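Chain residues, written in single-letter form:
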Amino acid sequence: MNNPKFLLHSSEPSIHHYTMLGQTLKAVDHQPYLAITISERLNWKTHILDVKNKANKTLGCIKRNLHSCPERVKAQAYTSLVRPILGYGSTAWDPYRMYQKNWLEQIQQPAARFATKTYSRQEGCVTQALNHLNWPTLKHRRKVNRLTLMYKTLHGQAAINIPPYVKRKTLMKTRNFDPMKFIPIQTSCDEYKYSFWPRTINDWNSLPPNIINMTSPSKGDARYTNSIYALLSRSFV
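Below you will find a few notes about this structure. Nothing here was measured: the structure is a model prediction, and the numbers come from that model.

Quick notes on the overall build of the protein chain
- Within the protein chain, the regular secondary structure consists of 10 helices and 6 strands.
- Considering the protein chain as a whole, with its 237 residues, one finds that 36% of them fall into the buried category.
- If you take every contact in the protein chain between residues at least 6 apart in sequence, the share linking residues at least 24 apart comes to 59%.
- Total accessible area on the protein chain stands at roughly 14800 Å², and carbon and sulfur atoms take up 52% of it.

Considering helix α5 (residues 125–133)
- Among the residues of α5, those classed as buried are Cys125, Val126, Ala129, Leu130 and Leu133. Within α5, the buried residues cover an arc of 135° as seen down the axis, which keeps them to one side. Those residues of α5 that are exposed and angled more than 90 degrees off the buried face are Gln128, Asn131 and His132.
- Of the surrounding elements, those touching the buried residues of α5 are α2 (71–87) and α4 (98–116).
- In the segment just after α5, Asn134 is the residue with positive phi, at about 60°.

Looking at the packing of α4 against helix α6 (residues 138–154)
- Look at α4 against α6: their axes get within 9 Å of each other, and the N-to-C directions meet at 115°. One way to sum up the angle between α4 and α6 is to call them roughly perpendicular. Note on element contacts: α6 touches α4 through Leu138, Lys139 and Arg142, opposite Lys101, Leu104, Glu105 and Gln108.
- When its residues are assigned to classes, the contact of α4 with α6 shows 2 nonpolar, 1 polar and 4 charged.

Points about the packing of α2 against α4
- For the pair α2 and α4, interaxial distance at closest approach is 9 Å and the crossing angle is 170°. What the angle tells us is that α2 and α4 run roughly antiparallel. In this structure, the crossing between α2 and α4 has a hand that is right-handed. Facing α2, whose interface residues are Glu71, Lys74, Ala75, Tyr78, Val82, Arg83 and Leu86, α4 presents Leu104, Ile107, Gln108, Ala111, Phe114, Ala115 and Thr116.
- The residue inventory of the contact of α2 with α4, partitioned by class, reads 9 nonpolar, 2 polar and 3 charged.

Thoughts on the nonpolar core
- The biggest cluster of nonpolar side chains holds 26 residues, and the ones touching the most others in it are Tyr78, Val82, Leu86, Leu104 and Trp135.
- Of all elements in the fold, only α1 (45–66), α2, α4 and α5 reach the threshold of two or more residues within this core.
- By residue number, the principal contributor to this core is α4, which donates 7 residues.
- Other than its neighbours up to four places away in sequence, Leu104 contacts Ile48, Val51, Leu86, Trp93, Pro95, Leu138 and Arg142.
- Formed by 15 residues, the second largest nonpolar core is a distinct cluster that contains Met150, Phe196, Trp204 and Ile212.

Things to note about the pairing of strand β6 (residues 36–39)
- As defined by bridge partners, strand β5 (residues 30–33) adjoins β6 across 4 bridges and the pair is classed as antiparallel. Across the sheet, residue His30 finds its bridge partner in β6, namely Ser39.
- Counting the residues that bridge the hairpin from β5 to β6 gives 2 residues, and of these Leu34 lies at a positive phi of roughly 55°.

Description of the packing of aromatic side chains
- Evaluation of the coordinates by the stated rule reveals 5 aromatic pairs.
- Taking 6.3 Å as the distance between ring centres and 45° as the angle between the ring planes, the aromatic pair formed by Tyr151 and Trp204 counts as tilted. Of the two residues, Tyr151 is situated in helix α6 and Trp204 in helix α8 (residues 196–205); the sequence distance between them amounts to 53 residues. With respect to burial, Tyr151 and Trp204 carry one shared label: buried.
- Looking at Lys74, its charged tip hangs above the ring of Phe114, at a distance of 4.5 Å from the centre.

Calculation notes
- Residues numbered from 1 in each chain as written.
- Predicted model: local features only at pLDDT ≥ 70, side-chain atom pairs only at ≥ 80, totals over all residues.
- Heavy atoms only, no water.
- Helix = DSSP H or I, 4+ residues; strand = E, 2+ residues; numbered from the N terminus.
- Buried < 20%, exposed > 50% of the residue type's maximum accessible area, 1.4 Å probe, protein only.
- Contact = heavy atoms within 4.5 Å.
- Areas by Shrake-Rupley, 256 points an atom, 1.4 Å probe, with all protein chains shown as cover.
- Arc of directions from axis to C-beta.
- Axes fitted to C-alpha atoms, helices over the stretch in contact; angles between N-to-C directions.
- Parallel < 35°, antiparallel > 145°, perpendicular 65-115°, else oblique.
- Nonpolar A, V, L, I, M, F, W, Y, C, P; charged D, E, K, R; others polar.
- Left-handed = near helix turned anticlockwise from the far one by under 90°.
- Core = buried A, V, L, I, M, F, W, Y, C linked by side-chain atoms within 4.5 Å.
- Pairing = 2+ DSSP bridges.
- Phe/Tyr/Trp six-rings, centres within 6.5 Å; stacked < 30°, edge-to-face > 60°.
- Lys NZ or Arg CZ within 6 Å of the ring centre and 35° of its normal.

As structure tokens, this is what we get:
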């Protein structure tokens, strides 16, 4: 191993020394893993700043090179090169703090202005540009992505094991009972409360029955992800 490191989720600094295969591990406060930066506080601030900076640099390159191109070319460049950066792995790190959400939206809004040549500062201009381009907010896209992943997990379309603490409402038969809904996970820790399972279960339980109980298409259906995404998107309109 080269430069082995470890993260410790604790309010106190580590006083222990850890070794692996004869090498001493270095304590760090954040570390990238599969292009996602994990911090010792598990609040995703460092990762979101990294994502914002990388996306902003890519958008700047697009602006410099495509300033005279038509709208469809600019829009395609953003959705192909910038938006994937803003959404990669977001089912794991979807922020819940407003200022972190705003950091990400501050990339898409200038992109919409650039693509549509909307440079007026009049209130509502950016919203009109986003609607014209049919670009939902990044917050909306992250929520739909989480719900899409949960749907695919429940129907065996994603290689994710449902943890044992995630339980269906099988023993809570009421007038509005639905076996596809889950018992909410109660916690006072924000880092856990807004992690994938506790947060997505609450969003999942609020979906209309026709979405929750929708039959899954067969594996390998190329239209699967798009159809699920579209249906979930409409349920929030």
